[in-house]
Every structure is written in structure tokens, then in C-alpha cells.
Amino acid sequence: MNDTEDLTAATPAADVPPAADTASAPAPASDTAQQDDERAGLPSASGMARLVGCPGSWLAEQRCPRSESSEYAVHGTMLHEYMEKGAPTNGLDAEDEAAVLWCRETESKLIFDYLGIETTDAPQGLQIVREKRLWSKYTDADVRFSGKGDVIYIWGDTAFYIDYKFGRNRMAEADENWQLGAMSVLIAQNYLVKRVYCALLHPFISRDYPRVVCYEEDNLAGAAQEIAGAIIAARHGWAHLSPDIERCRYCRALATCPAAMREALTVQAVNRWDILSPEVKRKMFDASQLAKAMCKQIDNAIKSDLKAGREIPGLMLKPGARMTAVSNMNAAFNALHDAYGITEDEFIGCCSVQLGKLDTLCIEKQQAQDAEITAESAKTNARLLIAEFCEEKRKDESVTEQP
């Protein structure tokens, strides 16, 4: 999707979460999952790229249980809360604090550059909406969907939507991002604006000035029509499956997807790597990434079954390895010193410093002396101070997508 697509105006409908269409959508994995799903079992903006690119995945996901939140998802949710509530960042480590502060600074700059508004002195009439779920305004219940926006600024007939991404996987740029397109449609339908600017802030990938895309009235109408068509296709059993590592990465149905399995196994069988063309090598790389993602999901699903007491022939849960960490360094040193005469230098020689925690401590100490110093500057000062006592090691090279 881009900002020049030709798109039809949607007709407003009731502003209530619609009931799921039981004729075309399968029952969810459990009643609890349905009750806990604020999307009411219907498509959402966050999954629009997968729904459009692989329409069959939507029905397939409805038959799968919801997975537990990963530590990365919990981390992202925590940083989103800092952005939503504007909470002081001194409780974060240096890296997270720098990411949140950059997002706040960039958000203010974008709103000034495109709306001419200082966020610290918001004029009367400016609406700022954070973390609110919006529902589409179609008369046809079969094409309803929703989306929760990170932050939306509404000023007259113009809106600016900003989405924060605190993950470390590269996302589609703003002008190719279906989530931003779908959110723009929802914003236009709910706030009756004629223009929606969108930007994606991804601080762990890039801190350059973000790319901004603008949806005008014609673009918004075209996007609304295209999304409606994609949802209709996705809600019917004839919707096709189209595996791709970016679409499949977070799909709950990956472990049982026949199309993804075929794609992961479709590699050229040869016994000499050097005779393969670069294009075939790239295809084999993509297939290997898809296979890795599929295997990881299968492993997690099997582990969940075994934890729940569902037997799988020949498999059992192996207890996790026990790991012991010293929680009170001073007390441990004193006990060992008294018992065995271990000296302070000998004890410290057996310890390793967690630089993240040390950064946080040094930042706190410097900010107590100088409230104006930034976390990034304080971290740099501390690292320079101990540079001669540190040894830098680099991990092995890894393959990644070109920017």
C-alpha cells in the first residue's frame, strides 16, 4: 500500500464493537479467549498486512489458541505504557530510557513540523487520543474491523497518527505499512477528517527522522475499499494461503500451515553449493528462516500440551537446569572472608559486572548532581571513565536483510 492508491467512502455505522459473524467465522479456541479478546474475534489493523497478503491465515488463526506473551511482548507493552502515561523514565535502564525519550522528542517534532503545534502548549481544539480502540464504520457487518492507536492528534480536518514499535525486527516503511493504512481509515471514519499523516517510530532499528506518509480523501476511500475486499476474502473458506517469513513470523497458525510447510521444504536438492545461482541461494535462505519459525512454534505448542497434561508418545518435559545467582554480594563476601580469609580483590576477581545495571547506577548518580544531564550523556561519561578497564568482544557475524 502507498499514499497514491485509489480507494470508496465508507458509510458511518453504529460506534459499537460488532458481534462476530458465526456463519463464516469458526468458533474461537475457547469461550475465555473470546471474552478476553477486545477485538471481538474480528480482524484488526495490527494484523492487516498478513490478512491482505495471506487471506487464508485469518480463519486458520481463529482455530488456534492464543499464545502466552513473550518477554519481548511484555517489554514492548511496558515501554508503550511509558509513552501513554508520560511517566518519568528514571525507572528504565539506559537503553530503554533513551528509546522512550527519543520517541517523545520525535513525536513533538513531527507534530510541530506537520501540524504547526507545540505539544507542550497544546491549543484549544486539539484532540490527543492515546491507546483507544476504534471500530470501522461500514454498514456491512462482514467487513468490520478495529484498531488501537498508540497516539492520534486531531486538529481541524487533519490527523497525525504515530505508531511506536519497540521490537527489534524491521517493519515495513510507513508508505508500505498496512497497519498504518488501516488505522488511517479508522481515524478518518471515526473523526471525520480529510487527511491523515502517519509515521512509524522504531527506536531500536533507526533514530533517523521518520518517513511520513499522508492519506488524502481519495487515498482513504480507496484504502477502505481495498481493506473491505480483503476482509471479505479472508472470512470465507476459499481464501488462499501465501506464506512469507514476515507474514508468518507472528501467525498463530504457522505450526499447522500446509502452505508454509511446503514452502519451507521447497529447496533445490543439490550436492554442490557453488553451482547455485544467487537467486536460488536467497530462496533457500528464506525457506530456512520460515522453517526455523515453524519449528519454534511447534516446540512451544508441544511444551504447552505437555505442561497441560496432554500426552504425546515418546515425549516428556525435561526439568529446566537450576541456576544459582548471588543475590547479596556484600553478605556473601563477608561470610567467605570470615570462613576462609578470602580477600576483597580475590572475591571481585570471581565476579562479573552487569554493564546495564552499572549504567543505570551511574546515570542516577550523575543526574542527582546535575538534573539537566541526559541519560545518554551520563552513560557515555561513565563508559569513558572505565574504558581502559573494559574489554570489548564482538559476537559472530549474522545474516540479515539489507536496509
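Predicted model, so just to flag it, every value in this text is computed and none were measured.

Definitions and cut-offs
- Residues numbered from 1 in each chain as written.
- Predicted model: local features only at pLDDT ≥ 70, side-chain atom pairs only at ≥ 80, totals over all residues.
- Heavy atoms only, no water.
- Helix = DSSP H or I, 4+ residues; strand = E, 2+ residues; numbered from the N terminus.
- Expected span 1.5 Å × (residues − 1).
- Buried < 20%, exposed > 50% of the residue type's maximum accessible area, 1.4 Å probe, protein only.
- Contact = heavy atoms within 4.5 Å.
- Disulfide = S-S within 2.5 Å.
- Pairing = 2+ DSSP bridges.
- Axes fitted to C-alpha atoms, helices over the stretch in contact; angles between N-to-C directions.
- Phe/Tyr/Trp six-rings, centres within 6.5 Å; stacked < 30°, edge-to-face > 60°.
- Parallel < 35°, antiparallel > 145°, perpendicular 65-115°, else oblique.
- Left-handed = near helix turned anticlockwise from the far one by under 90°.
- Nonpolar A, V, L, I, M, F, W, Y, C, P; charged D, E, K, R; others polar.
- 1 Å grid on protein atoms, 1.4 Å probe; cavity = no way out; pocket = protein on both sides within 12 Å on 5 of 7 lines; lining within 4 Å.
- Points joined across faces, edges and corners; volume = space filled by probe spheres on them.
- Salt bridge = Lys/Arg side-chain N within 4 Å of Asp/Glu carboxyl O.

### Structural notes on helix H10 (residues 278-307)
Part 1: Under the 1.5 Å per step criterion, the end-to-end length of H10 is 44 Å for 30 residues, consistent within 8% with the ideal 44 Å.
Part 2: What H10 keeps buried is the set Ala 287, Leu 290, Ala 293, Met 294, Gln 297 and Leu 306.
Part 3: Of the surrounding elements, those touching the buried residues of H10 are helix H8 (245-248) and helix H9 (258-265).
Part 4: Once H10 ends, the next one or two residues include Gly 309, with phi positive near 85°.

### Some remarks on the state of the cysteines
Part 1: One pass over the structure, following the stated rule, counts 0 disulfides.
Part 2: The structure places no disulfide on Cys 214, whose sulfur is separated from the nearest cysteine sulfur, that of Cys 198, by 8.3 Å.
Part 3: Cys 214 sits in the buried class, given a relative accessible area of 15%.
Part 4: This cysteine, Cys 248, is not joined by any disulfide, and Cys 257 carries the nearest cysteine sulfur, 6.1 Å off.

### Topic: the sheet that holds strand E5 (residues 212-215)
Part 1: Read from one edge to the other, the open sheet built from 5 strands follows the order E1-E2-E3-E4-E5, with strand pairing classed as mixed. Looking at strand neighbours, the two that pair on one side only are strand E1 (127-135) and E5, the edges of this open sheet. Here the strands of the sheet are splayed against their neighbours by 30° on average, with no regard to which way each runs.
Part 2: On top of the sheet, helix H5 (residues 94-115) reaches E1, strand E2 (146-155), strand E3 (158-164), strand E4 (195-201) and E5; it is set at about 160° to E3, its chief contact.
Part 3: The sheet contacts of helix H6 (residues 178-191) involve E1, E2, E3, E4 and E5, and relative to E1 the element is tilted by about 100°.

### Side note on the packing of aromatic side chains
Part 1: Per the stated rule, a full pass over the model turns up 7 aromatic pairs.
Part 2: Taking the centre distance of 5.6 Å and the plane angle of 70° together, the rings of Tyr 114 and Phe 160 count as edge-to-face. Taken together, the positions of Tyr 114 in helix H5 and Phe 160 in strand E3 put the pair 46 residues apart, joining distant regions of the chain.
Part 3: Residue Tyr 114 is classed as partly exposed on the basis of its relative accessible area of 34%.
Part 4: Each residue in the set Tyr 114, Phe 160 and Tyr 197 is aromatic and connected to the rest through ring pairs, giving one cluster.

### Here's the deal with the side chain of Ser 146
Part 1: Here Ser 146 is to be found in strand E2.
Part 2: If we ignore the near neighbours within four places in the chain, the residues touching Ser 146 are Arg 39, Pro 43, Ser 44, Ala 45, Arg 133, Leu 134, Trp 135 and Leu 186.

### A word on the packing of H9 against H10
Part 1: At a minimum axis distance of 8 Å, the contact between H9 and H10 shows a crossing angle of 135°. By the angle class used here, H9 and H10 are oblique. Crossing of H9 against H10: the hand is left-handed. For the pair formed by H9 and H10, the contact residues are Ala 260, Met 261, Glu 263 and Ala 264 on the first element and Ala 287, Leu 290, Ala 291 and Met 294 on the second.
Part 2: Of the residues contributing to the contact of H9 with H10, the split by class is 7 nonpolar, no polar and 1 charged.

### Details of empty space enclosed by the protein
Part 1: Of the pockets and cavities examined, the largest cavity occupies roughly 90 Å³.
Part 2: Taken together, 14 residues line the largest cavity, and the ones lying closest to its centre are Cys 54, Ser 57, Cys 248, Cys 251 and Cys 257.
Part 3: Of the residues assigned to the lining of the largest cavity, the class counts are 10 nonpolar, 2 polar and 2 charged.

### Topic: the pattern of salt bridges
Opposite charge on two side chains makes pairing possible when the charged atoms of those side chains draw close.
Part 1: This structure, assessed with the given rule, holds 15 salt bridges.
Part 2: Where Lys 165 meets Asp 163, a salt bridge forms, and the shortest distance between an N and an O atom there is 3.2 Å. This pair shows no difference in class: Lys 165 is buried, exactly as Asp 163 is.
Part 3: Counted as one network, the salt bridges with shared partners bring together Glu 38, Arg 133 and Lys 148.

### Here we look at the environment of Leu 180
Part 1: Topologically, Leu 180 is positioned in helix H6.
Part 2: The exposure class of Leu 180 is buried, given its relative accessible area of 0%.
Part 3: Sequence spacing of Leu 180 and Cys 198 is 18 residues, and the spatial spacing of their C-alpha atoms is 6.5 Å.
Part 4: With residues near it in sequence (within four places) discarded, Leu 180 still touches Tyr 161, Asp 163, Ala 174, Cys 198, Ala 199 and Leu 200.

### Quick look at unusual backbone geometry
Part 1: Phi at Ala 40 takes a positive value of approximately 60°, unusual for a residue other than glycine.
Part 2: With respect to the secondary-structure elements, Ala 40 resides in the loop between helix H1 (31-36) and helix H2 (48-53).
Part 3: For Ala 40, a relative accessible area of 15% gives the class buried.

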